[in-house]
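# Analysis of the macromolecular model
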Amino acid sequence: MDIRGFFHRKKLRTCCWTWCPFGTSGLRFAFLMVLAADCLVTAGLFHTVKMDIGEQIIELESDLREIKCVIEKCERKRVRDVLAQEQKKIREEIAGKRQEAEKRAATPAAGMSGASNKAYTVKINNYGWDQSDNFVKIYITLKGVHKLAPENVETSFTERSFVLLVKDLDGKNHQMTINNLLCPINVTESCRKIKTDMVLVMCKKKTQKRWECLTQVEKQTKDKEKPSYDENADPGEGLMNMLKKIYSEGDDEMKRTISKAWTESQEKKLKGEVMDF
């Protein structure tokens, strides 16, 4: 904390004690106001230090948790209302910062320094990934990337995204943007490493939870493809639903085959014969 922050906080404490009425309830109210002042001033001081947008979001979320703790200790409605208003402001600021981060991730060339104006930019689509307990690792193969100056390989991280920009490799800039990561990552401890013909992007997990997919979109797609299962459902109905799905997604030949099999089975039923699958 710098000296200006100290005097600012001291001034707030003085205001609280001067304003408060006499009596036990007034002292309690003043004490809670002091706690609130400490919390809010601290929140303000976080932004006097230059941080990237991911770090700002992390600090704001810490502020939000601290204000929540103070609110839970409050007994006076007026104090709770004041803190609730500040809580709302911080939530709105977090939402704004996240939108800003998404815009930056969508247009990284504007936020990153000096992508070559002479070179055109190509999108990186091919990559592989795996994970350890602490990191999600993304492997991008780029022939000759290890011969570039380290400052030509730039990465930018937010809690839910990252951007890789490789400048002036064989006369081109190579850019990779991954949005909506499956789980939040630790921005400050994420990094990139340059290896022979490869860039390794290392996203530090906030928790040691195992990721099923790299992004939320991939997980949603995977979940949609999972067949629904109901223990109480009629097995015959489940089979029919599966056949309907195959029919709707199949080509013309598949549809003709299913239609023929269905017609033949109905004819056998009418004749009293057992269906033969």
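Residues numbered from 1 in each chain as written. Predicted model: local features only at pLDDT ≥ 70, side-chain atom pairs only at ≥ 80, totals over all residues. Heavy atoms only, no water.

Time to look at the overall build of the chain. What the chain contains, in helices and strands, is eight helices and eight strands. Going through the 277 residues of the chain one by one, you find that 33% of them count as buried. Accessible surface for the chain amounts to roughly 18,500 Å². Of this, 52% is attributable to carbon and sulfur atoms. (Helix = DSSP H or I, 4+ residues; strand = E, 2+ residues; numbered from the N terminus. Buried < 20%, exposed > 50% of the residue type's maximum accessible area, 1.4 Å probe, protein only. Areas by Shrake-Rupley, 256 points an atom, 1.4 Å probe, with all protein chains shown as cover.)

Our focus in this paragraph is the confidence of the model for the chain. Segments scoring low in pLDDT should not have their predicted coordinates read at a detailed level. The predicted model of the chain averages 76 in pLDDT, with 68% of residues at 70 or higher. The low-confidence segment residues 1-24 (pLDDT under 50) makes 25 contacts with residues lying over four places distant or belonging to another chain. Considering only residues more than four positions removed or in separate chains, one finds that residues 41-50, a stretch of pLDDT under 50, has 13 contacts. (pLDDT = per-residue confidence, 0-100. Contact = heavy atoms within 4.5 Å.)

Moving on, we come to the pairing of strand β2 (residues 128-131). Bridge count for β2 against strand β3 (residues 135-141) is four bridges, and the pairing is antiparallel. Across the sheet, residue G128 finds its bridge partner in β3, namely Y139. Between the end of β2 and the start of β3, which pair antiparallel, lie three residues. (Pairing = 2+ DSSP bridges.)

Bringing the nonpolar core into the picture now. The nonpolar side chains of a soluble globular protein tend to be buried with one another. Counting 25 residues, the largest nonpolar core has I138 and F162 as the members making the most contacts within it. Every element with two or more residues in this core is listed here: β3, β4 (153-158), β5 (161-169), β6 (172-178), β7 (185-195) and β8 (198-205). In terms of residues, this core owes the most to one element, β5, which gives four residues. Ignoring sequence-local partners within four residues, the contact set of I138 consists of Y127, G128, W129, F162, M176, V199, L200, V201, C203 and L214. (Core = buried A, V, L, I, M, F, W, Y, C linked by side-chain atoms within 4.5 Å.)

Moving on: the sheet that holds β5. Working definition: the strands of a sheet are paired by backbone hydrogen bonds and lie parallel or antiparallel to each other. The mixed open sheet is built from four strands, whose spatial order is β1-β6-β5-β4. Bordering the open sheet on either side are β1 (120-123) and β4, each of which pairs with just one other strand. Looking at each pair of strands side by side, their axes are set apart by 20° on average, direction ignored. Bridge count for β1 against β6 is four bridges, and the pairing is parallel. Within β6, the residue paired with Y120 across the bridge is K172. (Axes fitted to C-alpha atoms, helices over the stretch in contact; angles between N-to-C directions.)

Glancing now at the side chain of E159. Position of E159 relative to the elements: it lies in the loop between β4 and β5. Given a relative accessible area of 7%, E159 falls into the buried group. Within the structure, E159 has its side chain in polar contact with the side chain of K206 (distance 2.4 Å). Once residues within four sequence positions are removed from consideration, E159 is found in contact with I57, E61, R98, C183, P184, I185, V187 and K206. (Polar contact = N/O pair within 3.5 Å; in protein donor to acceptor, adjacent residues only side chain to side chain.)

This part covers the pattern of salt bridges. Going through the model one piece at a time under the given rule, you end up with seven salt bridges. Across the pair D81 and K77 runs a salt bridge whose closest N-O atoms are separated by 2.9 Å. With D81 and K77 both in helix α4 (residues 77-106), this residue pair falls four residues apart, about one helical turn. Judged by relative accessible area, D81 falls into the partly exposed class, the value being 35%. Look at K77 and you get exposed, because its relative accessible area is 56%. When the shortest N-O distance is used, the salt bridge between K219 and D223 registers 3.0 Å. Of this pair, K219 and D223 both sit in helix α6 (residues 216-225), separated by four residues, roughly a single helical turn. (Salt bridge = Lys/Arg side-chain N within 4 Å of Asp/Glu carboxyl O.)

So, about the side chain of N152. Within the secondary structure, N152 sits in the loop between β3 and β4. Of the residues examined, N152 reaches a relative accessible area of 18% and is grouped as buried. Other than its neighbours up to four places away in sequence, N152 contacts L165, V166, K167 and D168.

Take the environment of K219 next. K219 gets classed as partly exposed once you look at its relative accessible area, which sits at 25%. It is 7.7 Å that separates the C-alpha atoms of K219 and L182, two residues lying 37 residues apart in sequence. The contacts of K219, once residues within four sequence positions are left out, are L182, E212 and C213.

One pass over the full model with this rule turns up one aromatic pair. Aromatic side chains F157 and F162 sit 6.2 Å apart centroid to centroid with 40° between the ring planes, which places their arrangement in the tilted category. The cationic tip of K204 hangs over the ring face of F135; the distance from NZ or CZ to the ring centre is 5.9 Å. (Phe/Tyr/Trp six-rings, centres within 6.5 Å; stacked < 30°, edge-to-face > 60°. Lys NZ or Arg CZ within 6 Å of the ring centre and 35° of its normal.)

As summarised here, the arrangement of the four strands in space is β2-β3-β8-β7, forming an open sheet in which the pairing is antiparallel. Looking at the sheet topology across the chains shown, the edges are occupied by β2 and β7. Across the sheet, the axes of successive neighbouring strands diverge by a mean angle of 20°, strand direction being ignored. Pairing of β3 with β8, which is carried by seven bridges, proceeds in the antiparallel orientation. Its bridge partner lying in β8, F135 is registered against K204.

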